4 protein chains.
Amino acid sequence: MTQSMNTTTAIDDDKFHEECGVIGTWNVTDAAAITALGLHALQHRGQEATGIVTHDGVRFHAHKGIGLVGDNYGDTKVMAGLPGTRAVGHNRYATTGATLLRNVQPLFAEFEFGGFAVGHNGNLTNAHTLKRALVKRGCLFQSTTDSEVFVHLIAISLYATVLDRLIDALKQVTGAYSLVALTNDMLIGVRDPLGVRPLILGQTNGADGISPGWVLASESCALEMVGAEFVRDIEPGEIVAIDRSGVRSLKPFSPQKPRFCVFEYIYFARPDSILEGHSVYAARKRIGRELARESPIEADLIVPVPDSGVPAAMGFAEQSGVPFELGIIRNHYVGRTFIEPTDQIRHLGVRLKHSANRAILEGRRVVLVDDSIVRGTTSQKIVEMVRGAGAREVHMRISSPPTTHSCFYGIDTPERGKLLAARNSVAEMAQLIGVDSLAFISMDGLYRALGQPGRDAAAPAFCDACFSGDYPIALTDHAEPRQAQLSLLAELA
Amino acid sequence: MTQSMNTTTAIDDDKFHEECGVIGTWNVTDAAAITALGLHALQHRGQEATGIVTHDGVRFHAHKGIGLVGDNYGDTKVMAGLPGTRAVGHNRYATTGATLLRNVQPLFAEFEFGGFAVGHNGNLTNAHTLKRALVKRGCLFQSTTDSEVFVHLIAISLYATVLDRLIDALKQVTGAYSLVALTNDMLIGVRDPLGVRPLILGQTNGADGISPGWVLASESCALEMVGAEFVRDIEPGEIVAIDRSGVRSLKPFSPQKPRFCVFEYIYFARPDSILEGHSVYAARKRIGRELARESPIEADLIVPVPDSGVPAAMGFAEQSGVPFELGIIRNHYVGRTFIEPTDQIRHLGVRLKHSANRAILEGRRVVLVDDSIVRGTTSQKIVEMVRGAGAREVHMRISSPPTTHSCFYGIDTPERGKLLAARNSVAEMAQLIGVDSLAFISMDGLYRALGQPGRDAAAPAFCDACFSGDYPIALTDHAEPRQAQLSLLAELA
Amino acid sequence: MTQSMNTTTAIDDDKFHEECGVIGTWNVTDAAAITALGLHALQHRGQEATGIVTHDGVRFHAHKGIGLVGDNYGDTKVMAGLPGTRAVGHNRYATTGATLLRNVQPLFAEFEFGGFAVGHNGNLTNAHTLKRALVKRGCLFQSTTDSEVFVHLIAISLYATVLDRLIDALKQVTGAYSLVALTNDMLIGVRDPLGVRPLILGQTNGADGISPGWVLASESCALEMVGAEFVRDIEPGEIVAIDRSGVRSLKPFSPQKPRFCVFEYIYFARPDSILEGHSVYAARKRIGRELARESPIEADLIVPVPDSGVPAAMGFAEQSGVPFELGIIRNHYVGRTFIEPTDQIRHLGVRLKHSANRAILEGRRVVLVDDSIVRGTTSQKIVEMVRGAGAREVHMRISSPPTTHSCFYGIDTPERGKLLAARNSVAEMAQLIGVDSLAFISMDGLYRALGQPGRDAAAPAFCDACFSGDYPIALTDHAEPRQAQLSLLAELA
Amino acid sequence: MTQSMNTTTAIDDDKFHEECGVIGTWNVTDAAAITALGLHALQHRGQEATGIVTHDGVRFHAHKGIGLVGDNYGDTKVMAGLPGTRAVGHNRYATTGATLLRNVQPLFAEFEFGGFAVGHNGNLTNAHTLKRALVKRGCLFQSTTDSEVFVHLIAISLYATVLDRLIDALKQVTGAYSLVALTNDMLIGVRDPLGVRPLILGQTNGADGISPGWVLASESCALEMVGAEFVRDIEPGEIVAIDRSGVRSLKPFSPQKPRFCVFEYIYFARPDSILEGHSVYAARKRIGRELARESPIEADLIVPVPDSGVPAAMGFAEQSGVPFELGIIRNHYVGRTFIEPTDQIRHLGVRLKHSANRAILEGRRVVLVDDSIVRGTTSQKIVEMVRGAGAREVHMRISSPPTTHSCFYGIDTPERGKLLAARNSVAEMAQLIGVDSLAFISMDGLYRALGQPGRDAAAPAFCDACFSGDYPIALTDHAEPRQAQLSLLAELA
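Residues numbered from 1 in each chain as written. Chains lettered and ligands numbered in written order. Predicted model: local features only at pLDDT ≥ 70, side-chain atom pairs only at ≥ 80, totals over all residues. Heavy atoms only, no water.

**Q** Is there a simple way to think about the packing of helix α10 (residues 280-294) of chain C against helix α11 (residues 310-320) of chain C in this case?
**A** Axes are the key here: two packed helices are described by the angle between their axes and the distance separating the axes. Residue and element names in this part refer to chain C. Viewed as axis vectors pointing N to C, α10 and α11 meet at an angle of 45°, and their least axial separation amounts to 7 Å. Between α10 and α11, the angle is such that the two are oblique. At the point where α10 passes α11, the crossing takes the right-handed sense. Contacts between α10 and α11 pair Tyr281, Arg284, Lys285, Gly288, Arg289, Leu291, Ala292 and Arg293 from the former with Pro311, Ala312, Met314, Gly315, Phe316, Glu318, Gln319 and Ser320 from the latter. In terms of residue class, the contact of α10 with α11 is made up of seven nonpolar, four polar and five charged. (Axes fitted to C-alpha atoms, helices over the stretch in contact; angles between N-to-C directions. Helix = DSSP H or I, 4+ residues; strand = E, 2+ residues; numbered from the N terminus. Parallel < 35°, antiparallel > 145°, perpendicular 65-115°, else oblique. Left-handed = near helix turned anticlockwise from the far one by under 90°. Contact = heavy atoms within 4.5 Å. Nonpolar A, V, L, I, M, F, W, Y, C, P; charged D, E, K, R; others polar.)

This is the structure:
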């Protein structure tokens, strides 16, 4: 019942770690079960906490909990408490520190005209600025989530219908987001004007036996899980409103060239998802091939850093003809917490998640393939471990350009000062990490692997701000001093 | 992390069961510990949940938890998370059903001008009416407590200072309440204009070693617990504002004749408290004496229904000269839940809280003294138990007039239709309960025992609505249909 | 799942704190529920942990848990897991420190001839000596309870039947004990040869509709709770064996003059119990009268130290004619743990369980009546509190003789060096506690109040070792050095 | 504190599911942390529960808990409670149903000559037979583990020293086991006479700074984790006794041809372990190559069933020249429990652990490579899923011979009647599973891949009973009727 946390840190974290997975269902039998299964398929987008709000035709029902989907919805009492054929669900990313249950989405509000449940994936870049203005007006905030800004903007809008109020609210926010919302009689999906974050639409059997059932989800892998068929990506800037009369599409924003997040392809999305027409798995293999073409190296083995580096390593191996081997084994049973190693043990080289396959590595020239280098500390430890297992040479190839800038659009990257590539040349990085050679894919190579002729600097096809510093959405909050964003309350429970 | 509850029921319950205990401390060393001890002394006013908000000079800190004071503040981590020399604390009454943590007080809000923590004891009689208007205006409610109405009214007030905004809010609410609030630089105590609910002020050593420390509490017994000296009752309609410059008194309401709750003397307050100048214990004994004078009876034993009937039974025995004996033993180890007895066991006469002392009762003429008869079911079971233990005659004397009306001012009474005295004469009640004779103290007798010449029908000295139906504060919400008050959300966690 | 405890301390504690409550049921409908209700009535004999073993005609079923009866058997799943019409149950006394679940009784063993569940109240005085011999023989001990010594002795006995093996075991142990045991086809009750600890037999409706149901319990109050009728006390040294053919009585020991524990009357048993023909409540009142006769004092008020001092204080007041008043209020909501008060707060006079009723005490000459003085620390604090509330004089009268010796027969008394009366005269004790006068009942006075002409030093009617040092059962273990009794294992879970 | 379980089932389960991981450490700084890290590396051998017993030179300390290593030893309080430089640790396999804490190893016993902690991996084939004899002799069993049989045999042995008693015990048991034990002054490791289960010895820095530290573990991967160097496999039938004077080797059994478990290579051991001189990963790749040679197939893709099928699939792809692709994605976030799917959802094809990568599979001829087929239900679902994702042909290749017999030596296989290969020809299995072709590696092929010329039927190099029915150790218990093994007690907690 008691949570130990310091909200201050949490607010700070929230602003930069809003990776999440969302799902909405309409006219499906046992919406809570379908939604929970979809959330399970989206578990990689958030493992910290999860929530589902259903509607049974009369009333909303909610469950929120800390932990995995499978730790929350296996309880038959919980599922029995979530009746109805419509639902919205949310997975929250595991940031360091504990989580206040009141921050777990979907948020729910009772408006004059009825209830409203909303979950979002992404990050508003003017949330604090708007929040300050709303507090001045007398609005009381109960969570530290961006979603609550949406909710207050809808509450005070002068428009009459939910959709008009929502559009009114959307026009005031800036940021990268996908959101799903449930009202008394409507399921709503929204993708931000640039389409930075993904949202897809699927179709399944209808609970009423007449019209189809609908599923909105962050990624297509959720459709496979629940047996729904892929219909299409929601378009950037599109609002879809699903009710008894079917699916309506609204486009209240002036059209812009889309900028889908390139990092979803590189790392974040699940390999079996298809986003904006591309298989994520195939894209990663193509990036690996491109990388091998750009930065070949004579070696005995291509070894992926599991699990995210595997497809790129396979592509690299295929292109280079060097054998692909599982030289690093991942331990999936890490558990909730672990021994804080004493100095003496740390010196022994503790590797809780990865271990070296000595029999494969000993005496070999090894190419490690990974998706990115952020702080560099993990890479350094892995290289040390691989050398410790007897590798003769250790080279590293990275399937993304150097991460030189923080993401403010929903991916968890540390502040710029902590990014290894922000402060060091590739040669310096190689030395710090301890590899014999290091290479990143080029920006043009990355775009080529994704079906573009290269990066069109005037109008790039993707959001690649973390590699280029080219931020397509204004960073309003980021300009203001950090201290002003702190909460007055340090809360225990 | 997960709570199973149906908010609908909860709202309903909340409106009629707002018995609570509050405490505020200012300039005391380790305010959280002092506040927790005070809450422990006030535990009889609420056992469901408890919360403390402290202020350390820079920031607020909060803990809320389900259960007893002693189950929440024994954890050194919890106490270490509550630094500061100022605090407000709250105990919540145990209503049936579970409790949502977000309803546990003190509530906390961040206003434009700083933080604000508030806890209250009592009940607003126009909370729903105000809430509807506030929701219409775009205010979002996160709890189902009356306190949140205060908070929104303060948030949207056009006045500048906290005190002016609080007065603005107080002028819009009607009801019986005592509240304590903590801002960045002030501790505030308020008692409603009629002074229905109690609030007292005490003084202790100051943490700064210069000015005194201050304690506001629902009852004086909290002062004994923390070693503070009683200063005075807060006056009806008075606001006390305590800050670095000392204690200020504000009286923003036009003066009215006070109507302190007579049921605090009869049952609710702790016997060792002194309220409005009367020792609760002595008052109860005097009521017992008056009762013996009004309704004497020839018998062998005076037996209290423990624990609340004990002082009145002692007074009755002293006045009547009939021996006082502990013929009923109370079991204090009831625990959280218990076996739901099957019919067969229920038939055996299960009495988890009380048991008959057969050696004392067998063959005797017994007078049971209790404080009140509400539904009558407990009285009936106790009489059956006493007869089962061999009592020859069983008489009952009640130290309050018949409870014919519900309380809307903060005492947990069932709706009128469930009150035995609302539907039955005393003779009928005697038959239903199964006693050989039954008598209640008269209204005038009760007033006499409390130092009045009798009840002045034109201007009674107390609120006695539960006995008289004379409601001194308008029952605004009560007029509106119940359905409209229901929440749209049935929440699991 | 994890318990934090140091078994070393626990073993030590176990040897001197084996106060407990036991119950056995035979041929009763829903034996688990009846047993749980009986344990609830015996909750005062042990609040630390509880266990029930039932037999459904084919197989045994068990539940053990930490905490109160009401915290363990309210769960319908738990109750559904305990089918059958026969059961044994046990409450364990709350000693300081945590409890290993494996020490919670009833213990269960699978013998060659079937299962055997056993719970006991009391203490074996040669348990360690026997344990050492058993370990030498190859017996493995899994708990630190005396019960397990019984179980091993039965397991290795050369006799054929359970009863013969039990008698064989009983003849090897010395100590004060009552035990209940359940085999595949028999409920067994045993009282030690001197009858130091109580055990009674009751009768109720039989589950089979033909023969009666039977209940064995530590005290008669358990019979009232479950609607059973009192039949008789089990006799000292008696074994009752209850099976399909009815109740058999065995008396394998040579008869001795009984020595029932006098402290059960003074403090330990529940006032509504009848033990060895005496009402505990009436006995306490008589002791109070005798005390008033022996040590009268001029005063304004007789004030009991609640709850155990109440009947003696009533008797004292009746005899002396001085008014009986509740000058000390007991807080029953103490919860699991509490704030460890800092020195500064301790100085404030923390009184979590008791508080002074200032309005009654101020300016008065007060006689406090309590049941015993052990270490003296509680008495000292209470006197200080009563003086702090303004009492003019404080006298103390104790309804037992001075506690000069430790109990080794099942009552939790500290080692002799910590007993105030072991090291100080009554005059010194008065000064240490801070009273104006102090008196204890005399040994003869105590015996008179219990219907004896006085204490017959040659053949006392009771075990009064804690007051007299006259230990009627050999203290075999006590002779050996303490260190040898320590466990080799300090266990976490 | 309460566990819900039926011991009957548990006993049954225990007998056939004794897969586990063990570790022992001697003279290492912070033995509990080193042991916990080693257990983490052995987590794949048991995820149900874990325990560590340490010795601090004077006394033993223990922790046992349900769940993962990382869920138990992250608590600094737990680690602080486990001081010392010597320890034994144990991981327990996750069988269905809950676990009684008292069954969690290492077991601890206090013998006449001191304490003894023991954990084992494997299964005794005469445990029930021995247990029956021991119970007859008066031994009391407290757990349902085979380890306790060892402990009782040691307790009653007539030999004087621990080692002599242990050898005495070992000579009475039959079965496949590795065990580690800790006494007051010695760490002991034992491998069964045929060496069916693995146990290796490693060396590290000594805590005393003089002599080396020693580590015994089920697999060499635990040495990598803690920074220890591999010394050698413990030999079949060898006892190593490590104390202040160093490592002694005892070989009390008459030598036999070893029969190491071939299934450790195929599935159970971690790929980065080296067992009996073979890299597990390399062995699996060689098996895949051999399988491709024996059962080639024209196809577009080789797809492993993750994670265990991956190395064999890589070997198969390399040998066949068909591309290796990750056509099935594994979800590692399954959590504790999950929604029990209703029929309607089950129909949708719920696959919580695996999902098909449609973009890779659609329209292709796919070869699935897996390590074994047990019941066939998982294979059937995976084939259905792969076809549902559009595969044109689905072939299956299995890197073990058909599993036709149950294992009684410590691997969790269902009873024979549930093994698909026990009742069906390969052609029938192909049809049941729904594949276009199915092939298993031949027994000789398997032996060739493991460096043998083929299987020498007269004296096979491995235990392959699950494929051949050639059980090298007598199945004593298996002959007796199952009912006789059931416990008399169905326990809740």
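The structure having been displayed, the exposition proceeds.
**Q** Is there a simple way to explain the pattern of salt bridges in this structure?
**A** Here the idea is simple: oppositely charged side chains can pair when their charged atoms come close. Summed over all chains, the structure comprises 100 salt bridges over all chains. Across the pair A:Asp436 and A:Arg387 runs a salt bridge, and its minimum N-O distance is 3.1 Å. Residue A:Asp436 is located in the loop between α16 (426-433) and β22 (437-440), and its partner A:Arg387 is located in helix α14 (residues 377-388); the two are separated by 49 residues in the primary sequence. Since its relative accessible area comes to 44%, A:Asp436 is described here as partly exposed. Its relative accessible area of 30% is what places A:Arg387 among the partly exposed residues. Its salt-bridge partner being D:Arg330, residue D:Asp307 comes within 3.8 Å of it at the nearest N-O pair. Placement of D:Asp307 in the loop between β17 (301-304) and α11 (310-320) and of D:Arg330 in strand β18 (residues 328-330) is noted, with a sequence separation of 23 residues between them. Look at D:Arg330 and you get partly exposed, because its relative accessible area is 31%. One connected set of salt bridges, linked through shared partners, spans A:Arg45, A:Arg197, A:Glu219 and A:Glu264. (Salt bridge = Lys/Arg side-chain N within 4 Å of Asp/Glu carboxyl O. Buried < 20%, exposed > 50% of the residue type's maximum accessible area, 1.4 Å probe, protein only.)

**Q** Sorry if this is basic, but what is going on with the packing of aromatic side chains here?
**A** Given two aromatic rings, one states the distance between the centres and the angle between the planes to describe the pair. Here the structure, examined in full by the defined rule, presents 50 aromatic pairs over all chains. Among the aromatic side chains, those forming a connected cluster through ring pairs are A:Phe260, A:Tyr265, A:Tyr447 and A:Phe462. (Phe/Tyr/Trp six-rings, centres within 6.5 Å; stacked < 30°, edge-to-face > 60°.)

**Q** Honestly, the relation of the copies chain D and chain A in this entry has me stumped. Any pointers?
**A** Turning one copy of the chain about an axis and sliding it along that axis gives the other copy, so a rotation and a shift relate them. Overlay of chain D on chain A (RMSD 0.0 Å): rotation 180°, translation along the axis 0.0 Å. What we have between these two chains is a two-fold relation. Taking C-alpha positions as the reference, the residue of chain D nearest the rotation axis is D:His332, at 3.5 Å. Here 100% of the interface residues in chain D have copies in chain A that are interface residues too; the copies meet face to matching face. (Least-squares fit on C-alpha atoms with pLDDT ≥ 70 in both.)

**Q** Explain the UniProt feature "binding site: [4Fe-4S] cluster" (unreviewed entry) in chain A here, please?
**A** All names here are of chain A. Here the UniProt feature "binding site: [4Fe-4S] cluster" (unreviewed entry) sits at Cys261, Cys407, Cys463 and Cys466. In sequence the annotated residues extend across 206 residues, while in space they remain close, none of their C-alpha pairs exceeding 10.2 Å. For Cys261, the location among the structural elements is in strand β14 (residues 260-261). Relative accessible area serves as the criterion here: at 6%, Cys261 is assigned to the buried category. The contact partners of Cys261, leaving out residues within four places of it in the chain, are Val196, Arg197, Ile411 and Cys463. (UniProt positions renumbered as here; feature names shortened; annotations may be inferred.)

**Q** Please clarify how the environment of C:Leu275 should be interpreted in this entry.
**A** Residue and element names in this part refer to chain C. Considering the arrangement of structural elements, one finds Leu275 in strand β15 (residues 274-275). Taking C-alpha positions, Leu275 is 18 Å from His40, a pair spaced 235 residues apart along the chain. Not counting the four nearest positions on each side in its chain, Leu275 is found in contact with Pro198, Ser218, Glu219, Asp233, Phe260, Glu264, Tyr265, Ala269 and Val280.

**Q** What exactly am I supposed to notice about the environment of C:Gly119 here?
**A** All names here are of chain C. For Gly119, the location among the structural elements is in strand β6 (residues 114-124). Residue class for Gly119 comes out buried when judged on its relative accessible area of 0%. The spatial distance from the C-alpha of Gly119 to the C-alpha of Gly24 is 9.2 Å, given a sequence separation of 95 residues. Setting aside chain neighbours within four positions, we find Gly119 in contact with Val22, His90, Gln105, Pro106, Ser178, Leu179 and Val180.

**Q** Where do I start with the sheet that holds strand β20 (residues 365-370) of chain B in this structure?
**A** Hydrogen bonds between backbone groups are what pair the strands of a sheet, and the pairing can be parallel or antiparallel. All names here are of chain B. If you trace the four strands from one edge of the open sheet to the other, you get β17-β20-β21-β22, paired in parallel fashion. A strand with exactly one partner marks an edge of an open sheet, and here the two such strands are β17 (301-304) and β22 (437-440). Pairs of neighbouring strands in the sheet enclose a mean axial angle of 20°, with direction left out of account. Against the sheet, helix α11 (residues 310-320) makes contact with β17, β20 and β21 (393-398), and its axis sits at roughly 165° relative to β17, the strand it touches most. (Pairing = 2+ DSSP bridges.)

**Q** What should I look at first to understand unusual backbone geometry in this one?
**A** One can expect most non-glycine residues to show negative phi and most peptide bonds to be in trans. Following A:Gln105, the chain continues into A:Pro106 via a peptide bond in cis, with omega recorded as -5°. Here A:Pro106 shows up in the loop between β4 (86-92) and β5 (107-111). We note that B:Asp30 has phi near 55°; this positive angle belongs to a residue other than glycine. Backbone geometry at C:Asn27 places phi at a positive 60°, although glycine is not the residue there. With respect to the element layout, C:Asn27 can be found in the loop between β1 (20-26) and α2 (31-41). Judged by relative accessible area, C:Asn27 falls into the buried class, the value being 9%.

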